[in-house]
Amino acid sequence: MSSKILFSPIRLGKVEVRNRVALAPMGTGYYNPDGTVLDEAIPYVEARAKGGVGLIISQFTAATKFQRFPLMAANDDRLIPSLKRYADAAHRYGAKVFLQIATMGGADPLGSYAPSAIDIPWYSVLPKELTKEQVERVIEEFVQAAVRAKKAGFDGVELHGAYGYLIAEFISAFSNRRRDEYGGDLEGRMRVPVEIVRGIHRECGSDFPVGFKFNAYEEVPGGNDLETAVKIAKIMIDEGVVYLQPATMSTGIAALGLMKYPGVPILYHPRDISIPVAEYIKRHVGDAVPVMAFGGIKDPEFAESILAAGKADIVCLGRQLLADPEWVNKAKEGRRIRPCLRCNVCHYEAVAWVRILACTVNPYLFRESEEPLKPAARRKRVVVVGGGPAGMMAAMVAARRGHEVTLYEKEKELGGLMVPGCRPPFKSDVREFLEYLKAELAESGAEVKLGVEVTPNMVRNISPDALVVAIGAKPVRPEIKGLDK
Ligand SMILES: Cc1cc2nc3c(=O)[nH]c(=O)nc-3n(C[C@H](O)[C@H](O)[C@H](O)COP(=O)(O)O)c2cc1C
Ligand code: SF4
């Protein structure tokens, strides 16, 4: 791809980043109970840095001891060596890395403290109201988390002031009903993030980079609108933040999909649905600090067009970099990218906090050390029955490992249930993935026989060393009267 801007360097304060692509902060779904970095996170970070990403923003990292739910953490000095492993993994391949510092606040499912003890949709347990002394402790603990990030070798921190978490709870008039100096008007509601940034600059040096993720649009009564967001942005620019990452928030995960500007747009949403948020902020802050655009960015051409039109300075990719860690290098070299389906399976897992994330299209997510594929010790004759996504993937992997593979599909085309599944015009994400699989399979060296229904006798006659039966799932048909008409 010929690109003028996407692959050009950019400065975040004193830090030079090699290109305009950032890995969005993304939780891993499962966490070590002691707050240390998961072993699986190290090859995950390495793969994205090696794949060419300029800036890696870590997942949500608990900055304070007010965090009850166990996540990756920076709230104790004992965690510095573990955090260093994370920073080193990014640096090993030339990426810069910021630690996202955060605390769940009222959204903590194990119960915690919030600016105000009120019952709002994303608080599963009624939180206690932070006293003034506790607010001061929150600020100091955030500052100390940044000190630890610096000691661990991070190039900067990102203050997480978005979604329904503690810092956002202070900023939003919807969740902050305090009457002391940490509530009231915008100046009061911004006091916590402002004092955190001042404290970080005092303790880590005035040039230690702090990025800021915040809710530029909240679909809740009295929440931030875009005009308020510009005021928030300007306050934080005056405090010396080095970039802005404007996000959006609604009354809860379930409502995310119905928003005007969905934070994690799914395949039913137009791909550019949330870009106007970054564009609005960029238009009002100009070149004061770089602005990041995110939400459904998949195609390098689309990413370039955002930058070229001056809608943002950096593109921040989340799910697409889960789906394909080599996105940047592939985009640069014009190689085929494994497209994210925007199915949000990963996001549901991230917020279920049960197991490590899985991705529908990338079987190597958090199993990065299994790639590249190792050549097979002995070449086998492999028969794959079924040309849906599972059969295609199995045939491709076996062929790439050096086996002699034949895939049989009873229909006249590959794809299985993806064929009807990608027919509606808004299912272009599924269509792209099907085209990707077909192209990869064709290059893998596997032989494909279409229009052949495999019988037990056929298998006996071929007598393969290995048989893969991938005959697919049965579609679920809801019992709706008249559906067949
Ligand atoms: C699996 C998953 C985990 C996420 N975890 C975080 C997180 O820890 N912190 C955060 O600020 N945003 C988090 N997000 C939101 C992403 O940073 C990003 O804003 C969102 O996914 C939209 O970008 P995308 O369309 O490129 O995925 C998460 C999103 C996903 C999909
Ligand atoms: S394909 Fe689905 S599971 Fe994989 S990154 Fe994209 S949205 Fe997440």
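Rules and cut-offs
Residues numbered from 1 in each chain as written. Chains lettered and ligands numbered in written order. Predicted model: local features only at pLDDT ≥ 70, side-chain atom pairs only at ≥ 80, totals over all residues. Heavy atoms only, no water. Helix = DSSP H or I, 4+ residues; strand = E, 2+ residues; numbered from the N terminus. Rg over C-alpha atoms; globule rule 2.2 N^0.38 Å. Buried < 20%, exposed > 50% of the residue type's maximum accessible area, 1.4 Å probe, protein only. Contact = heavy atoms within 4.5 Å. Areas by Shrake-Rupley, 256 points an atom, 1.4 Å probe, with all protein chains shown as cover. Lys, Arg positive; Asp, Glu negative; His and termini not counted. Charge placed at Lys NZ, Arg CZ, Asp CG, Glu CD. Pairing = 2+ DSSP bridges. Right-handed = clockwise from strand over helix to strand, strands pointing away. Near = heavy atom within 4 Å. Polar contact = N/O pair within 3.5 Å; in protein donor to acceptor, adjacent residues only side chain to side chain. Nonpolar A, V, L, I, M, F, W, Y, C, P; charged D, E, K, R; others polar. Core = buried A, V, L, I, M, F, W, Y, C linked by side-chain atoms within 4.5 Å. Disulfide = S-S within 2.5 Å. Phe/Tyr/Trp six-rings, centres within 6.5 Å; stacked < 30°, edge-to-face > 60°.

*Asks:* What should I look at first to understand the overall build of the protein chain in this one?
*Replies:* The helix and strand inventory of the protein chain stands at 16 helices and 16 strands. The C-alpha radius of gyration of the protein chain comes to 24 Å, within 12% of the 23 Å expected for a compact globule of 485 residues. With the principal axes as the frame, the protein chain shows a C-alpha extent of 80 × 55 × 45 Å. The 485 residues of the protein chain split such that 58% are buried. Taking all contacts inside the protein chain whose residues are at least 6 apart in sequence as the whole, residues at least 24 apart take part in 70%. For the protein chain, the computed accessible surface area is about 20700 Å², with 53% contributed by carbon and sulfur atoms. Put simply, the protein chain has 64 plus and 59 minus side-chain charges, and the middle of one group is 5 Å from the middle of the other.

*Asks:* I keep staring at the pairing of strand β13 (residues 381–385) and nothing clicks. Help me out?
*Replies:* Across a regular strand the side chains alternate sides, sitting on one face of the sheet and then on the other. In terms of residue burial, β13 counts as a mostly covered element, since four of its five residues are buried. Two elements, β13 and strand β14 (residues 404–409), share five bridges in a ladder whose sense is parallel. Each bridged residue has a counterpart across the sheet, and for Arg381 the counterpart in β14 is Glu404. Crossover handedness for the path β13 to helix α13 (residues 389–400) to β14: right-handed.

*Asks:* Looking at this structure, I do not really get the site of ligand 1. What am I missing?
*Replies:* In the region of ligand 1, 21 residues are neighbours, and Pro25, Gln100, Gly296, Gly318 and Arg319 sit closest. One nitrogen or oxygen atom from the main chain of Pro25 is found 2.7 Å from an oxygen atom belonging to ligand 1. Between ligand 1 and the protein, one listed contact pairs a nitrogen atom with a backbone N or O atom of Gly27 at 2.9 Å. The fraction of the free accessible surface of ligand 1 (600 Å²) that becomes covered by protein chains is 95%. Within the shell around ligand 1, the residues separate by chemical class into 11 nonpolar, eight polar and two charged.

*Asks:* Help me out: how do you make sense of the nonpolar core in this one?
*Replies:* Soluble globular proteins: nonpolar side chains tend toward being buried together. Ranked by internal contacts, the top residues of the largest apolar core, which has 117 residues, are Ile56, Ile101, Leu159, Ile200, Leu244 and Ile281. A total of nine residues in this core trace back to one element, the largest contributor, which is helix α3 (residues 132–151). Residues in contact with Ile56, not counting those within four places in the same chain, are Leu23, Val45, Arg48, Ala49, Tyr86, Ala90, Ala95, Lys96, Val97 and Phe98. Counting residues in each nonpolar core, the second largest holds 26 residues, with Met396, Ala398, Phe433 and Leu441 among its members.

*Asks:* Even after reading the chapter, I still don't get the site of ligand 2, so can you show me in this structure?
*Replies:* Contacts to ligand 2 come from Arg319, Leu322, Cys340, Leu341, Arg342, Cys343, Asn344, Val345, Cys346, Cys359, Thr360 and Val361. Put simply, the parts of the chain that give the shell around ligand 2 at least two residues each are α10 (319–323) and α12 (345–352). Grouping the constituent residues of the shell around ligand 2 by class yields eight nonpolar, two polar and two charged.

*Asks:* How do you make sense of the environment of Ala323 when you look at a structure like this?
*Replies:* Tracing the backbone through its elements, the reader meets Ala323 in helix α10. Judged by relative accessible area, Ala323 falls into the buried class, the value being 1%. Placed 268 residues apart in sequence, Ala323 and Leu55 show a C-alpha to C-alpha distance of 17 Å.

*Asks:* Help me understand the state of the cysteines in this model?
*Replies:* The bond known as a disulfide is covalent and runs between the sulfur atoms of two cysteines. Following the criterion strictly, the structure yields zero disulfides and no others. The closest cysteine sulfur to the non-disulfide-bonded Cys316 is located on Cys340, 14 Å from its own sulfur. The class for Cys316 is buried, based on a relative accessible area of 2%. No disulfide involves Cys422; its sulfur sits 15 Å from that of Cys343, the nearest cysteine. Judged by relative accessible area, which is 7%, Cys422 ranks as buried.

*Asks:* Is there a simple way to think about the side chain of Asp108 in this case?
*Replies:* For Asp108, the location among the structural elements is in the loop between β5 (96–102) and β6 (113–114). Among all residues touching Asp108, those that are not within four sequence positions of it are Phe66, Gln67, Arg68, Phe69 and Ser124.

*Asks:* Whenever I open this one, the packing of aromatic side chains confuses me. Can you help?
*Replies:* A full pass over the atoms with the stated rule returns 11 aromatic pairs. Each ring, one from Phe66 and one from Tyr113, has its centre 5.6 Å from the other, and the planes form 85°; the classification is edge-to-face. Within this pair, whereas Phe66 is found in the loop between β4 (55–62) and α2 (80–91), its partner Tyr113 is found in strand β6, the two being separated by 47 residues in sequence. Tyr113 matches Phe66 in its accessibility class, with the two residues each being buried. Judged by centre distance (6.0 Å) and plane angle (15°), the ring pair of Phe433 and Tyr436 falls under stacked.

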